[in-house]
Amino acid sequence: MKQDFIIAYRYFIKKPVFSIITFGGFTIGMAACLLIYFWVHHELSYDRMHSDYQDIYRVLKLSKKGDNFEKSPGSYRPLASSFKADYPQIEWATYISYSSESSPLQVEDTEEKIEAKESWTNSDFFRIFTGFTFVEGKPETAFNDPVNVVISQDIAHKLFGSNPALGKKIIVDKYGKTIYRVGAVVAIPNNSHVGFDYLLSEKNAKVKQYASSWSDSYYIRSYIKLAANSVIDDDFLSNISNQITRYTNRSEKILFQPLTDIHLYSDYEDNLSNRPLGNYTYVWLFSGLAFLILVMAIFNFSVLSIARASERTTEIGIKKVSGASRWCFIRQFIGESVIQTILASLIALVLINLLLPWFQQFTGKTIYIEYTFSLILNLGLIVLLTGLFAGVYPTLYLSSLKPNQILKKAIISGAPNKLMKSLVVFQFVITMGFLISSSVFIKQIHFIQSQSEGINHDNIIVIPTGLWYSNRGFKDELLKNPSVISASAGYAPVNFKWQLPFSLNHLGRTDSLYASLLWVDEDFAKTYQLELIKGQFLGMDYSAYWKEWKNKHKQESGTAAFPIVINQKAEEILQLEDPIGSRIGNLVIVGVVKDFYFRTAHHPIGPVILTNDPQNIGMMNVKISPSNRAETIEYIRDTYQKYRNGREFSYHYFNDLLAKEYAKELFMKRITLLFTVLAILISMLGILGMSWFSVERRTKEIGIHKVNGANTFHLMYLLNIQFVKNMVVAYVIASPIAWYVMNNWLENFAYKTEISWWIFALSGIFALSITLITVSWQSWKAATKNPVEALRYE
């Protein structure tokens with residue numbers, strides 16, 4: 001065994017460039033594969049830290065909206081207690097109620113404040129979510145006093161630094177100052193879909209009054225844990241599905257989603273951003289991409305190992321003549337392959353740790369690598385299998401050589417030669433597929449990000465204010481700055497998903513209009529440059545809001561009629577000749593605007609209603625001049641502090657918020673681009689190695705051609721033509737496959753770009769150029785060499 005390794009080492013250093021090409025491509029493939037493996041492992045690990053996680057479910061709500069059914073994770077606070085009371089199959093039931101906005105938080109007797117979001121729950125929460133680590137305190141005593149609060153470890157670090165937090169008092173300034181005592185500090189794993197800043201008990205006097213309310217569900221999530229030996233079967237589901245109807249007059253149904261399915265298998269839109277959801281499609285897709293890269297690396301290794309076999313004829317021949325069995329060669333060459341794979345994996349792990357910060361920044365994804373026993377075991381298995389697959393064909397082929405073949409040096413012919421050509425074509429197919437796919441990704445992402453139908457959101461910053469009725473003064477003072485072009489209190493139309501039913505009784509119809517409702521003020525159209533088609537925009541000011549519209553537009557029914565503006569899609573659905581003045585419930589249409597994007601390009605533009613309601617507006621949209629941005633934002637910050645002293649100032653550019661909505665697509669584009677670069681690099685290394693081997697194998701042939709008068713161009717043609725043929729075959733195979741895959745991907749978007757012919761043309765030209773550049777370097781060196789050097793030993 002030792003002698004075998006010494007021989008392998010000598011062959012490695014005998015041709016160091018060729019060896020580095022072979023080993024380098026393999027290492028790059030292993031690094032890419034392991035990097036995606038770590039990401040996939042992290043995605044699949046979500047919510048598995050809790051004991052008996054397979055018995056934990058999240059409650060889903062199924063509601064009918066018009067002719068459609070909508071699935072939602074929204075729930076009701078009393079639902080958990082009703083489950084425990086009515087169904088012995090449910091051991092524990094809990095909920096978490098999130099706050100819509102953050103509040104100032106500070107330690108008692110200090111001035112420094114931070115922003116944090118409030119949540120509250122019942123006593124079963126930590127009985128279900130046992131995977132949360134209690135850094136300070138215990139789950140049994142965390143809520144033993146109604147004034148106790150459980151804070152996350154991140155919030156504890158911000159408030160107390162490295163000092164103990166347990167038992168300390170903190171002040172929350174939300175609708176007046178409230179003092180709480182820290183009952184526990186909890187470390188929330190990054191692979192948990194549930195997260196919170198600080199958590200109150202529903203027994204707290206401040207929230208106790210809401211614990212039994214069935215009126216709200218948007219910010220609430222409910223969970224159950226089944227008792228031992230209980231299952232969710234058809235009988236149980238048919239019994240419990242009407243639980244909401246039993247306690248309310250709503251006809252909503254109940255479904256259950258396994259805890260471990262939430263992160264990857266949620267086929268509904270979750271409007272809460274407490275923890276971002278993943279997608280199982282991307283897990284499979286990127287696992288497949290990583291596998292393809294690894295296969296390319298393995299094929300490279302195999303092809304180049306066979307190519308190098310001509311240099312090992314003496315070794316193989318001597319061992320064959322000396323009586324070495326086939327098993328001896330299998331053991332030797334498989335061992336070499338596995339050793340090289342281990343070395344490549346170790347180097348790949350070093351590269352991953354060095355490049356991990358860059359990868360996270362490049363893709364926008366966070367990857368945590370924890371070398372647990374199971375992870376190390378899985379990595380070892382991957383390395384072993386990779387080494388076996390990479391070395392199996394070269395091993396079987398080399399060990400099967402007959403002495404007469406060795407003496408004639410006829411080892412690269414027949415089936416091995418055809419296999420090598422097939423593997424090269426396969427590599428080209430993968431590379432071409434990556435090139436075309438990444439081009440379509442980039443084109444589509446650019447297309448959806450540049451869509452601005454009916455709206456102009458350039459140079460707009462969005463500020464969460466929480467000022468509600470006090471927005472007017474803040475806005476007026478902002479407009480005193482000449483760099484502030486316009487300002488509007490209202491929700492930013494980034495991806496507004498919330499739809500409500502609006503009765504059409506006043507139009508003599510029994511159906512309802514399901515439309516998105518955007519709360520905005522009178523300057524929203526000006527700020528976002530909406531085009532008014534009919535009527536007028538909302539023109540009332542805040543001071544007259546209630547008085548004017550409750551008195552002036554009083555209807556015979558005794559309800560106020562509030563002004564609204566609708567878009568063209570809503571007008572089309574309403575089918576009114578002149579909608580101005582028409583009433584929808586207690587709303588009166590005063591204007592119609594041209595359709596504009598208020599959701600992502602995944603969805604067609606739907607009906608939207610714009611109305612003014614200060615109690616629902618906690619944001620300010622400010623359009624600023626592109627010059628002096630830093631000074632303008634500093635002015636806005638100072639102005640904000642006058643109205644919200646002690647509150648943390650934060651803002652986002654509208655385009656940055658929009659980019660977040662396309663985070664998955666951006667991740668796909670970036671990771672595909674990264675894999676395309678890796679595929680090209682691995683292919684170039686393979687082509688370089690094969691061309692090197694081809695030139696060396698044909699040295700005598702090149703010399704004879706030169707002696708007979710062949711010029712440099714003719715020789716380069718002879719050496720390059722086979723690689724060009726392989727590329728053309730790969731192009732013909734890869735193009736329809738890439739078109740089919742990308743066309744299916746584009747179906748996910750309501751607004752999509754075309755798969756242009758020039759994408760295929762440019763991808764083919766680029767791949768061919770890379771191939772010719774790589775091969776021609778070796779070909780030119782061989783074609784310009786003195787023929788005497790090739791024939792002097794003949």
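Refer to the structure above for everything that follows.
Conventions we followed
Residues numbered from 1 in each chain as written. Predicted model: local features only at pLDDT ≥ 70, side-chain atom pairs only at ≥ 80, totals over all residues. Heavy atoms only, no water. Helix = DSSP H or I, 4+ residues; strand = E, 2+ residues; numbered from the N terminus. Buried < 20%, exposed > 50% of the residue type's maximum accessible area, 1.4 Å probe, protein only. Contact = heavy atoms within 4.5 Å. Areas by Shrake-Rupley, 256 points an atom, 1.4 Å probe, with all protein chains shown as cover. Salt bridge = Lys/Arg side-chain N within 4 Å of Asp/Glu carboxyl O. Pairing = 2+ DSSP bridges.

J.: Quick rundown of the overall build of the protein chain? Include the residues and the values.
T.: A count of helices and strands for the protein chain gives 25 helices and 22 strands. Counting across all 794 residues of the protein chain, residues that qualify as buried make up 52%. Taking all contacts inside the protein chain whose residues are at least 6 apart in sequence as the whole, residues at least 24 apart take part in 80%. A total accessible area of about 36900 Å² is found for the protein chain, and carbon and sulfur atoms account for 57% of it.

J.: Requested: an account of the pattern of salt bridges, with residues and values cited.
T.: What the rule picks out here adds up to 15 salt bridges. In this structure, the salt-bridge partner of Asp 145 is Arg 181, at a minimum N-O distance of 3.5 Å. Here Asp 145, found in the loop between strand S5 (133–136) and strand S6 (148–152), pairs with Arg 181, found in strand S8 (residues 177–187); they are 36 residues apart in sequence, far enough to count as distant. The exposure class of Arg 181 is partly exposed, given its relative accessible area of 29%. Residues Arg 637 and Glu 634 are paired through a salt bridge, measuring 3.6 Å at the closest nitrogen-oxygen approach. One end of the pair is Arg 637 and the other is Glu 634, both in helix H19 (residues 629–643) and 3 residues apart, which spans about a single turn. When salt bridges with common partners are traced through the structure, they connect Arg 472, Lys 475, Asp 476, Asp 521, Glu 522 and Asp 523 into a single cluster.

J.: I'd like to hear about the pairing of strand S15 (residues 512–519), residue by residue, with values.
T.: S15 sits mainly inside the fold: 6 of its 8 residues count as buried. Where strand S14 (residues 499–503) meets S15, 5 bridges bridge the pair, whose relative direction is antiparallel. Bridge pairing links Ser 503 to Ser 512 in S15. In the sheet, S15 pairs with strand S20 (residues 608–611) via 4 bridges, with the strands oriented parallel.

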